[in-house]
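Topology and contacts: notes
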Amino acid sequence: MIAPPLILIVAIIVIALVFDFTNGFHDSANSISTVVSTKVLSPRNAVVFAAFFNFLAAFGFGVAVADTISSIVDLNIVTLTIIPYIVLGALTGAISWNIITWFFGLPTSSSHALIGGLAGAGISAAGIAAIKWSTVGQVALFMVLSPLIGLVCGFLFMAAILWITRKASKPAAEGHFKRLQLCSAAAYSFSHGTNDAQKTMGIIVPLLFSLGYYGANANLSHLPVPFWVIIICYTTIAFGTLAGGWRIVRTMGYKITKLRPVHGFAAETAGAVTILSASAAGIPVSTTHVICSSIMGVGTTMGASTVKWGVARSIMIAWILTIPISALIGYAAFQEIRLVVGA
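So, here is what we can say about the structure in this document. This one's a predicted model, so the numbers in the text were calculated from it and none came from an experiment.

**What to know about the overall build of the protein**
Counting its secondary structure elements, the protein contains 12 helices and 0 strands. Counting over 343 residues, the protein shows a buried share of 56%. Long-range pairs, those at least 24 residues apart, make up 89% of the contacts in the protein between residues at least 6 apart in sequence.

Next comes the structure, spelled out in structure tokens:
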């Protein structure tokens with residue numbers, strides 16, 4: 001393939017930041033749906049609150065998730081000239097799926113869309129050997145485990161709270177949990193930033209490598225993330241959160257189950273614990289899957305019938321389709337790019 005000019009690589013980095021923005025836009029529902037539906041914060045105040053804590057996560061949490069994303073495509077196999085085109089194909093797949101699911105109000109995973117897009121574009125470029133399947137397998141494993149962990153944690157947190165507050169008056173408890181939910185919402189928004197903003201860093205790093213940014217002696221198994229990339233990615237996702245994805249807020253905040261402040265506190269706390277643990281381990285989980293399943297877990301403490309399982313089923317089908325469809329779009333996008341720029 002023809003080596004891409006510098007201006008094209010800069011343009012692809014901008015597109016990566018567009019993905020980062022759509023990630024924040026798409027996933028703002030994760031951070032604010034519970035505090036909005038429980039009326040602890042107004043929608044406007046909620047997005048500002050969430051965006052601030054998204055950005056705050058830039059400082060002091062490391063870049064383990066970015067390292068994982070940047071290692072999905074084996075840089076020892078693909079040539080430098082096609083790396084930017086692989087990233088462009090991956091972004092096309094991820095952004096397309098984000099827009100499709102946003103339109104239908106489905107809270108799917110931007111992370112899995114990006115991973116699917118990378119896998120599809122990488123296979124299209126250099127065959128199955130170009131993908132580190134151990135990394136993809138780890139992501140696929142936690143695609144199943146993280147919602148289950150969120151579901152169980154949500155149920156256990158809520159059950160524990162109900163037991164602890166069993167003798168408290170309902171109005172007094174409600175007032176306390178309205179204040180506590182601000183803390184849990186802050187923790188969840190912070191955890192969302194620690195995992196999701198790093199995914200965009202992980203696709204910018206290979207672009208910098210293709211430019212020779214790291215020099216000839218770069219360690220391909222661990223390319224450091226420059227601080228300016230960290231700040232840009234966290235700033236962009238915070239602005240995306242400010243824009244808000246209101247269709248998805250309605251699905252998560254009102255259509256899965258009816259929430260009160262105590263339920264929001266339990267769901268957000270369970271989600272934050274799950275995501276922060278994954279971020280520390282460098283595992284790019286779906287923050288959307290985790291908070292949805294945490295809400296479902298909390299809802300089941302009120303009886304299985306209180307959860308609208310028809311809505312939950314539609315969400316789960318979209319989860320299952322995310323990686324394969326974004327991979328197909330990424331594969332097709334790279335083939336189109338190959339036709340345009342030449343083999």
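**Quick word on the packing of helix H6 (residues 133-164) against helix H11 (residues 287-300)**
It is the contact of H6 with H11, at a shortest axis distance of 7 Å, that shows an interaxial angle of 35 degrees. Crossing handedness for the pair H6 and H11: right-handed. Facing H6, whose interface residues are Met143, Ser146, Pro147, Gly150, Leu151, Gly154, Phe155 and Met158, H11 presents His289, Val290, Ser293, Ser294, Met296, Gly297, Val298 and Thr300. For the contact of H6 with H11, the per-class residue count stands at 8 nonpolar, 8 polar and no charged.

**A few points about the packing of aromatic side chains**
When we look at a pair of aromatic rings, we describe it by the centre distance and by the angle of the planes. Taken as a whole and assessed by the stated rule, the structure comprises 5 aromatic pairs. Here Phe49 and Phe53 contribute two aromatic rings whose centre-to-centre distance is 5.1 Å and whose plane-to-plane angle is 55 degrees, an arrangement assigned as tilted. Within this pair, Phe49 and its partner Phe53 are both found in helix H2 (residues 43-56), separated by 4 residues, close to a single helical turn. Residue class for Phe49 comes out partly exposed when judged on its relative accessible area of 22%. When the centroid spacing of 5.2 Å and the interplanar angle of 75 degrees are considered together, the rings of Tyr213 and Tyr214 count as edge-to-face. Here a set of aromatic residues connected by ring pairs shows up, and it is made of Phe49, Phe52 and Phe53. Over the ring of Trp163 we find Arg166, and its NZ or CZ is 4.1 Å from the ring centre.

**Some words on the side chain of Thr269**
Tracing the sequence through the fold places Thr269 in helix H10 (residues 261-280). Of the residues examined, Thr269 reaches a relative accessible area of 18% and is grouped as buried. Thr269 has contacts with Phe157 and Ser184, leaving out every residue within four places of it along the chain.

**Notes on the environment of Gln181**
Residue placement: Gln181 occurs in helix H7 (residues 170-210). Of the residues examined, Gln181 reaches a relative accessible area of 0% and is grouped as buried. Remark: the alpha-carbon pair of Gln181 and Phe265, spanning 84 residues in sequence, is separated by 4.7 Å.

**Brief notes about the environment of Gln198**
Following the sequence through the fold, Gln198 ends up in helix H7. Along the backbone, Gln198 and Pro284 are 86 residues apart, and their C-alpha atoms lie at a distance of 8.6 Å. Look past the residues within four positions of Gln198 in its chain and what remains in contact with it is Gly62, Val63, Ala64, Val65, Ala66, Gly193 and Tyr234. Engagement of the side chain of Gln198 in a polar contact is seen with the backbone nitrogen of Ala66, the distance being 3.1 Å.

**A short note on H2**
A rise of 1.5 Å per residue sets the reference length of H2, with its 14 residues, at 20 Å; its end C-alpha atoms lie 20 Å apart and thus fit the reference within 8%. Restricting attention to buried positions, one finds in H2 the residues Ala46, Val47, Ala50, Ala51, Phe53 and Asn54.

**With respect to the pattern of salt bridges**
Tallied over the entire structure, the rule returns 1 salt bridge. Asp196 is the salt-bridge partner of Lys199, the closest N and O atoms lying 2.5 Å from each other. Here Asp196 and Lys199 lie together in helix H7, a separation of 3 residues that amounts to about one turn. Each member of the pair, Lys199 as well as Asp196, is classed as buried.

**A closer look at H10**
Over its 20 residues, H10 extends 28 Å from the first C-alpha to the last, a length consistent with the 28 Å expected when each residue adds 1.5 Å. Remark: Gly282 follows H10 within two positions and exhibits a positive phi of approximately 75 degrees.

**A closer look at a nonpolar patch on the surface**
A surface patch of nonpolar side chains, amounting to about 710 Å² of accessible area, comprises Leu6, Val10, Val14, Val18, Leu211, Tyr213, Trp228 and Ile232. Listed by contribution, the elements that provide at least two residues to the nonpolar patch are helix H1 (6-37) and helix H8 (227-243). With 4 residues, the top contributor of residues to the nonpolar patch is H1. Examined against the element boundaries, Val14 turns out to sit in helix H1.

What counts, and at which threshold
- Residues numbered from 1 in each chain as written.
- Predicted model: local features only at pLDDT ≥ 70, side-chain atom pairs only at ≥ 80, totals over all residues.
- Heavy atoms only, no water.
- Helix = DSSP H or I, 4+ residues; strand = E, 2+ residues; numbered from the N terminus.
- Buried < 20%, exposed > 50% of the residue type's maximum accessible area, 1.4 Å probe, protein only.
- Contact = heavy atoms within 4.5 Å.
- Axes fitted to C-alpha atoms, helices over the stretch in contact; angles between N-to-C directions.
- Left-handed = near helix turned anticlockwise from the far one by under 90°.
- Nonpolar A, V, L, I, M, F, W, Y, C, P; charged D, E, K, R; others polar.
- Phe/Tyr/Trp six-rings, centres within 6.5 Å; stacked < 30°, edge-to-face > 60°.
- Lys NZ or Arg CZ within 6 Å of the ring centre and 35° of its normal.
- Polar contact = N/O pair within 3.5 Å; in protein donor to acceptor, adjacent residues only side chain to side chain.
- Expected span 1.5 Å × (residues − 1).
- Salt bridge = Lys/Arg side-chain N within 4 Å of Asp/Glu carboxyl O.
- Patch = residues over 30% accessible without salt bridge, like charges linked within 9 Å, V, L, I, M, F, W, Y side chains within 5 Å.
- Areas by Shrake-Rupley, 256 points an atom, 1.4 Å probe, with all protein chains shown as cover.

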